[in-house]
Amino acid sequence: MKSAVLQIQDLHLRFPMGRSMADVVTGRPGRVVSALNGVSLDLYRGETLGIVGESGCGKSTLARCIVRLYKPSEGEVRFDGKDIFDAAQRTDRSYNRRVQMMFQDPYSSLNPRMTTGQILAEALRVHDMRPEDGILARVAELLDLVRLPQDAQHKLPHEFSGGQRQRIAIARALAVEPEVLIADELVSALDVSVQAQVVNLLLELQSDLGLTILFVAHDLRLVRHVSNRVAVIYLGRIVEIGDSETLFSNPAHPYSQALLSAAPSLDPDDRGKATKLEGELPSPLNMPPGCPFHARCRHASEICKQQVPALLPFEGRGEVACHHVEEINAHA
Amino acid sequence: MCTTFHRTGQALPALRDVSFSVSQGEVLGLVGESGSGKSVTLRSIIGLARRYGNVTGQVRWQGRDLVGMPDRALRQIQGREIAMIFQEPMTSLNPLLTVGLQLEETLHAHTDLSKVARRDRAIEMLNLVGIPSAKQRLKDYPHQFSGGMRQRVMIAIALAATPKLLLADEPTTALDVTIQAQILDLILQLAQDMDMGVVLVTHDLGVVAQTCDNVAVMYAGRIVEQGPVRGVLKHPRHPYTVGLMRSVPENLPPRTSLYSVPGVPPSLDALPRGCAFAPRCAACVASCEQDRPPLSLITEGRQVACFNPVTNEQGNAA
Amino acid sequence: MSDAIFTPTQPTFMQRALRKPGFVAGLLIIGFSIMLAVFPGVFAPYDPNAIDYLALRQPPSWAHPFGTDLLGRDSLSRVIWAYQVNMQMAVFGTVFALVTGVIIGALVGYYRGIADLIFGRIVDAVITFPFLVLVIAVVAVLGPGLVNMYIAISVVYWVYYARLMRGEVIAQMGNDYAAAGIVMGYSDRRIIFRHLLPNAITPVIVYWMTDMALVILLGSSLGYLGLGAQPPQSEWGVLIAEGRNFISTAWWLSLMPGIAIVVTGLGFSLLGDGLADLLRPRG
């Protein structure tokens, strides 16, 4: 069971900001935004790995690296043991077939001038999924699969609601029979009851088709619900990764603890119980040295300001990147 | 202080017979899904809905009716007595003016303070909403602030004239959870200190649970249930409230199917004759399709618009 | 299970078009202009080159609604025959620039990089240089005449189309459907021409309409200066030039072709405005 489909090793991604005139005059080097700072993780076949974090933490960037929308500055992503950024692999379109992505905004991820039928047929044709005379039948099958009515084929994206558009996006991804699905905030733009429908569909399809899913989202309840394992990202680094239930019920890293406690509980009696996190996300433009979280952390000490903690196994719970993980969890 | 309003629309009835009241220092939550009319309600209170629709009924504000009030008189109340903050802190600030200028502009419009006093008050406001080194930041433009900080600036501007009622339209939806917690805390704190009423529109039941005193649940332009937060969330009586609560994945076995209310909300131009929720409702009885259930008091402080409300025990099970 | 709220009936493109009076007026003007250009013989009451020495410089009358010129030729017929030349200008003076501009703009906008930098310099160079002077310079080198004028305009004008297209393509790239195309493993050509281009081209089409009006104006100016169409060919600029010495005694000679330019220009502008509204994707 535990065979890794995707192996991500020490992924870094830096975006150059360009130098302003002032920078050039004063001879300052161009500024750089570090979106990913050494992310390593394995995605196992058939699992759902949740990625959580706040906006700007790099979770979407990570997803986009995996589907080659961004090229990492360092590190590698291995699929079937081969680095997908190798010159030889880069031109291999079968990777694009086997690893698919679904986007957050259901209003921009579909070409507004193509009907659902055209969108699905295009995916089938480009990857030769069916002979020409089998395409119509397959489009019909795909619509059934995502529970859309057959007449949806002839409609343009603007004729659908947000939830239906996400179903079309799912159908498009499934058209090419992928092994891995990357869901980047797939349901964030939807109302709760529609969210529930789309999530149910995704879970069903996963068990029917044996898909591996990377579920990127900021909604912690949802991630907890769909994931087998979860990784918490802060400023481009994984600070904690482990089994979903364990992590959510008993987070070890102080950031994970704060993040989970900030999510408003449905129970009015929990009021005031949350541990509040001070300050805001530091800008990825001027990354503090040491642990990325030290500026907001109650437990930060001298070492945290100087050394980046390594992601290490902790008490058989998962892996945590914190210098003080043992003391923090001893009296908790 | 009491704000009560009743309203009925015609052509495209975005809202029908919405009534509630907010008293000083109270935080009222308005929840519902998109299109349920929660934002329209807010905009009707402050007169923003006038431009694109007909508002009928009454909004009683300190003994005066805001609906029938001429625009000019309403201006005097907007911003000074009733203030509003919006979801997008990015677009509700003017990007070309410094934050200080925008704050002082509000003060100029609504107070008689001198130029120097306005400046001092602006700094005081920024301090109050927790913006560090307030004095220097007056000279900054909105884009130089982060999302959370921008929402703080918005709150500072809204509260500059010490209004008595704050209308907050999804103020934290665009923010991250840790920042959301900070902003909600801030709003609550200020409401308490300034003895100000707050109407908080949100789609997040968690936010309601953690911040509001009372809550009104909206569906297809009507309030279907209202009452104290504890009561409504712990023992929901309207089947729609129950459905809404159940579709949030909390305390569920992982990776099981989530509950979702069957069907879709009716479009506003094709509302059913009876209860708008009847076609999706499992507890629907014959009279539901015939008549519209009125919002009626069932227990102390608790109103439900349903002919066949969920009993307490069933509500607990959900 | 489905979560749709379908709006009951969507008006078709034609239904929406007919509800816009400006668009309808533009369509009628341009439609009629095309008719005149294609079948001038059907509409012109006289042979435009028939000289009548008995009716020199006659003011407008029932027999000659636009009057006659210094050789007794019927002005109305000459203005109508000029449609052939001037409408042809509108098409040939723009279409090469349009096609080249759209393709280059789309490629540059999609790939960016070094090509984009070079393109940026070309744009700077062309835009800072006075357009009319540039065209006159090219015509001066190649010699006067319509074909050389088309070449001169196209050589300069594609840059404006390309610049517009590049900007639109970059804006469209911000939509996830472009990213989705890349993730689906679609070829660059397919993403550019099948996905980005149809969504990016609307403002270019609208601009094209205005541009046709501008090119008619430019062509007439060159005709007036003797650098475009050559007499005795009927062309509005040429006709205006012929009448310029008699403006106080035979005002109709210059005024009538002038009105034709204004009306056609207005037609293209109305059409462009209407299309801008109609082609905007809904939803």
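Please read all numbers here as calculations on a predicted model, not as lab measurements.

Peer 1: Please explain the overall build of chain A as it appears in this structure.
Peer 2: Within chain A one finds 13 helices and 12 strands. For 332 residues, the compact-globule estimate of 2.2 N^0.38 gives 20 Å, and the C-alpha radius of gyration of chain A, at 21 Å, lies within 12% of that figure. With the C-alpha coordinates of chain A rotated into their principal frame, the extents come out at 70 × 60 × 40 Å. Excluding contacts between residues fewer than 6 apart, the proportion of contacts in chain A whose partners are at least 24 apart in sequence is 65%.

Peer 1: Sorry, what's going on with the environment of A:Gly134 here?
Peer 2: All names here are of chain A. Along the chain, glycine 134 falls in the loop between helix 5 (116–126) and helix 6 (135–145). Looking at glycine 134, the number of C-beta atoms within 10 Å reads 12, which means it is exposed. Between the C-alpha atoms of glycine 134 and leucine 124, which are 10 residues apart in sequence, the distance is 9.7 Å.

Peer 1: Help me understand the pairing of strand 5 (residues 82–85) of chain B in this model?
Peer 2: Both faces of the sheet carry side chains from a regular strand, because those side chains alternate between them. Residue and element names in this part refer to chain B. By the alternation rule, side chains of strand 5 split into Ile82 and Met84 and Ala83 and Ile85, which are all buried. Sheet topology places strand 5 next to strand 6 (residues 165–169); four bridges connect them, and they run parallel. Paired with isoleucine 82 across the strands is leucine 165, a residue of strand 6.

Peer 1: Which parts of the structure should I look at to understand the interface of chain A and chain B?
Peer 2: Reports often express the size of an interface as the amount of accessible area lost when the parts come together. Listed by partner, the interface residues are 32 residues for chain A and 35 residues for chain B. Only helix 8 (192–209), helix 9 (220–226), helix 10 (244–249) and helix 11 (254–262) of chain A provide two or more residues apiece to the side of chain A that touches chain B. Per element, the largest residue contribution to the side of chain A that touches chain B is seven residues, and it comes from helix 8 of chain A. Residues that form the side of chain A that touches chain B fall into these classes: 15 nonpolar, eight polar and nine charged.

Peer 1: Any chance you could explain the sheet that holds strand 5 of chain B here in plain terms?
Peer 2: In any sheet, the strands associate via hydrogen bonds between backbone groups, in a parallel or an antiparallel arrangement. All names here are of chain B. Overall, mixed pairing links the eight strands, which are arranged 5-6-7-2-8-9-11-10 in an open sheet. Of all strands in the sheet, those bounded by a partner on one side alone are strand 5 and strand 10 (296–299). Sheet twist, expressed as the mean angle between neighbouring strand axes with direction ignored, is 20°. Note: strand 9 (residues 222–228) against strand 11 (residues 302–304), two bridges, orientation antiparallel. Of the residues in strand 11, the one forming a bridge with glutamate 225 is valine 304. Along the sheet, helix 6 (residues 147–159) contacts strand 5 and strand 6; its crossing angle with strand 5, the most-contacted strand, is approximately 170°.

Peer 1: What is the right way to look at the environment of C:Ser61 in this model?
Peer 2: Residue and element names in this part refer to chain C. Tracing the backbone through its elements, the reader meets serine 61 in the loop between helix 3 (40–43) and helix 4 (75–111). Judged by the 11 C-beta atoms lying within 10 Å of it, serine 61 falls in the exposed class. Measuring from C-alpha to C-alpha, the distance between serine 61 and valine 133 comes to 40 Å, with 72 residues separating the pair along the chain.

Peer 1: Got a minute to help me understand the UniProt feature "transmembrane region" (unreviewed entry) in chain C in this structure?
Peer 2: Mapped onto the present numbering, the UniProt feature "transmembrane region" (unreviewed entry) falls at residues 23–46, 89–110, 122–141, 147–164, 204–229 and 249–272 of chain C. Annotated as residues 23–46 of chain C, this span is 83% helix and 0% strand, and its ends, taken at the C-alpha atoms, are 32 Å apart.

Rules and cut-offs
Residues numbered from 1 in each chain as written. Chains lettered and ligands numbered in written order. Predicted model: local features only at pLDDT ≥ 70, side-chain atom pairs only at ≥ 80, totals over all residues. Helix = DSSP H or I, 4+ residues; strand = E, 2+ residues; numbered from the N terminus. Rg over C-alpha atoms; globule rule 2.2 N^0.38 Å. Contact = placed C-beta atoms within 7 Å. Buried ≥ 20, exposed ≤ 12 C-beta atoms within 10 Å, placed from the backbone. Pairing = 2+ DSSP bridges. Nonpolar A, V, L, I, M, F, W, Y, C, P; charged D, E, K, R; others polar. Axes fitted to C-alpha atoms, helices over the stretch in contact; angles between N-to-C directions. UniProt positions renumbered as here; feature names shortened; annotations may be inferred.

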